[in-house]
Each structure stands twice: as C-alpha cells, then as structure tokens.
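Reading the structure
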Amino acid sequence: MRNPFRRKNLDLRFAPALVAGLVLLAVSQPTARSLAIGAPFVAAGVALRAWSAGHLVKTLRFTVTGPYGHLRHPLYLGTLLIGIGVASMLGGLPALAGSATLLGWFAFGYFPRKEEIESARLLARHGDLYASYRARVPALIPRLRRWRPDPVMAERSDTTGFWSLDRFDANNEQGSVIAVAVAVALVCVRAALP
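First things first, this report covers the structure right here in the doc. Keep in mind that this is a model prediction, so the values were computed, not measured.

Some remarks on the overall build of the protein
- For the protein, the helix and strand inventory stands at eight helices and two strands.
- In the protein, the order of α-helices and β-strands from amino to carboxyl end is α-α-β-α-α-α-α-β-α-α.
- Counting over 194 residues, the protein shows a buried share of 43%.
- Long-range contacts, defined as pairs at least 24 residues apart, comprise 76% of the intrachain contacts of the protein with a sequence gap of at least 6.

Describing unusual backbone geometry
- The phi dihedral of Asn-172 is positive, around 55 degrees, even though this residue is not glycine.
- Judged by relative accessible area, Asn-172 falls into the buried class, the value being 8%.

Some thoughts on the packing of helix H3 (residues 74–90) against helix H8 (residues 173–192)
- Across the interface, H3 lies against H8 with an axial gap of 10 Å and an inter-helix angle of 10 degrees. Between H3 and H8, the angle falls in the class roughly parallel. Two secondary-structure elements touch here, H3 through Leu-75, Ile-82, Val-86, Met-89 and Leu-90 and H8 through Glu-173, Val-180, Val-184 and Val-187.
- Of the residues belonging to the contact of H3 with H8, the class tally is eight nonpolar, no polar and one charged.

Re the pattern of salt bridges
- On inspection of all chains with the given rule, the structure shows three salt bridges.
- Two residues, Arg-49 and Glu-173, come together in a salt bridge whose shortest N-O distance is 2.8 Å. Here Arg-49 is found in helix H2 (residues 32–53), whereas its partner Glu-173 is found in helix H8, with 124 residues between them in sequence. Both residues of the pair, Arg-49 and Glu-173, belong to the buried class.
- A salt bridge links Glu-115 to Arg-72; the nearest nitrogen and oxygen atoms lie 2.8 Å apart.

Focus on the environment of Pro-149
- Relative to the elements of secondary structure, Pro-149 occurs in the loop between helix H5 (128–136) and helix H6 (151–154).
- The sequence separation of Pro-149 and Leu-129 amounts to 20 residues, and the corresponding C-alpha distance is 7.7 Å.

Some points on the side chain of Glu-173
- Its relative accessible area of 3% is what places Glu-173 among the buried residues.
- Polar side-chain contacts of Glu-173 include one of 2.8 Å to the side chain of Arg-49.
- Filtering out sequence-adjacent residues up to four positions away, Glu-173 remains in contact with Arg-49, Ala-50, Ala-53, Leu-75 and Phe-168.

So, H5
- All of the buried residues along H5 are Leu-129, Tyr-130, Ser-132 and Tyr-133. For H5, the arc enclosing every buried residue in end-on projection is 160 degrees, short of the 170-degree limit, so these residues lie on one face.

Here we look at the nonpolar core
- Ranked by size, the top nonpolar core spans 12 residues in total: Leu-48, Leu-71, Tyr-76, Leu-77, Leu-80, Leu-81, Ile-84, Leu-102, Phe-106, Phe-111, Ala-139 and Leu-140.
- Elements with a minimum of two residues in this core: H3 and helix H4 (92–126).
- With five residues, the single largest contributor to this core is H3.
- Ignoring anything within four residues of it in the chain, the contact list for Tyr-76 reads Phe-106, Tyr-110, Phe-111, Lys-114, Glu-118 and Leu-140.

Quick look at H4
- Roughly 50 degrees is the biggest bend found in H4, and it falls at Phe-106.
- Those residues of H4 that fall on the buried side of the exposure criterion are Pro-94, Ala-95, Gly-98, Ser-99, Leu-102, Phe-106, Phe-111, Glu-115, Glu-118, Ser-119, Leu-122 and His-126.
- On the buried face of H4, the contacting elements are helix H1 (15–27), strand E1 (62–63), H3 and H5.

What counts and what doesn't
- Residues numbered from 1 in each chain as written.
- Predicted model: local features only at pLDDT ≥ 70, side-chain atom pairs only at ≥ 80, totals over all residues.
- Heavy atoms only, no water.
- Helix = DSSP H or I, 4+ residues; strand = E, 2+ residues; numbered from the N terminus.
- Buried < 20%, exposed > 50% of the residue type's maximum accessible area, 1.4 Å probe, protein only.
- Contact = heavy atoms within 4.5 Å.
- Axes fitted to C-alpha atoms, helices over the stretch in contact; angles between N-to-C directions.
- Parallel < 35°, antiparallel > 145°, perpendicular 65-115°, else oblique.
- Nonpolar A, V, L, I, M, F, W, Y, C, P; charged D, E, K, R; others polar.
- Salt bridge = Lys/Arg side-chain N within 4 Å of Asp/Glu carboxyl O.
- Polar contact = N/O pair within 3.5 Å; in protein donor to acceptor, adjacent residues only side chain to side chain.
- Arc of directions from axis to C-beta.
- Core = buried A, V, L, I, M, F, W, Y, C linked by side-chain atoms within 4.5 Å.
- Bend = angle between axes of the 7 residues up to and from the residue.

If you want it as structure tokens, here you go:
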C-alpha cells in the first residue's frame, strides 16, 4: 500500500479552507438529527469515490467502466456529496453556511476550471473517443444506462475492467477515506461536547 497522504494535498493553498472548516466546527452544535441527515451523504460520497478510484486508470487507458459509464466526474460528485454531508452534520447556521460556501465554490470556481483543463487534456489524448463520450455522458448527474463506445472505439478504452484494489491504491484513495473519517470523527466529538 502506498503512502495515503499525497504531498499536493498538504499544500498551503488549502489552509484557508481548513481554517474555515475549523471555525465552522467550533461554532457548530451538531445534534443526533444533524448527524443522521449528513451521514448518508458522506457514506454515498465515500462509496462513489471508492468505486471510481477502483476503476480509474489515469493516462494509460480511457476509463468507461464502473461509474465512468454513467457520469464523467464521479470523483468530483463523491467529493461534493461528502462536503455537503459533513456540512449538514454541523447543524443549524454552520450547516447552511458551509453548504452554501461549498456549493458556490464548487459551481463557480473549482468545477468549471477542472472541467476545462481535464476536457482539453482528454480531448488531446483520446480525440474522437473522448468527444463522443463527452457528448453522451453527463458531467455530474448520472445517466441510468451505462454508456458504451462503439466497437471500434471500444478497442481504445477500458471497457471490461473490474474494480481493483490495486487501482484504488494507485489512485491514493485511502488518504481521502482517512481524511473523511477524521472530519466525521471531529464533528462527532463536537456533538458530544456541551
């Protein structure tokens, strides 16, 4: 197993978000109800990220198995679900402030930039295969039927892969699971405090 903590995630540019999260945690008053509301979102997000990371083969093959046959950005959707879930667990005004801030940042800053960068990279690398995929597979709202490339394009993509612990490990997803567990534990500890 690789080191679960990626150096890029320890960058100082994430410090403001960490500080904001700690301030929201400090002023929050989580309840059993708020924990119950947020937990399904967190669980769904972790599950989606784990499912995605176990299918993703970065750079080598164009992945269309697992959740990638239903939506283009399952890792981002998983992260968004986790963020909404953790924010909801805070309860009250901190939950609203955290969710609104997260959604605004994601919708107007992070996601449009990442979509542009990744689409350009994948289009340059995979050409018409990615163009066909992008035209037929939604970014964040899953399609019910899995998309499958035509037989000629299927030869250039990963269409038969199964979930793999090696892929999960290669994508360093265990670090994300640990980070989510720590965040949830902190909220639960805060709920137990007066």
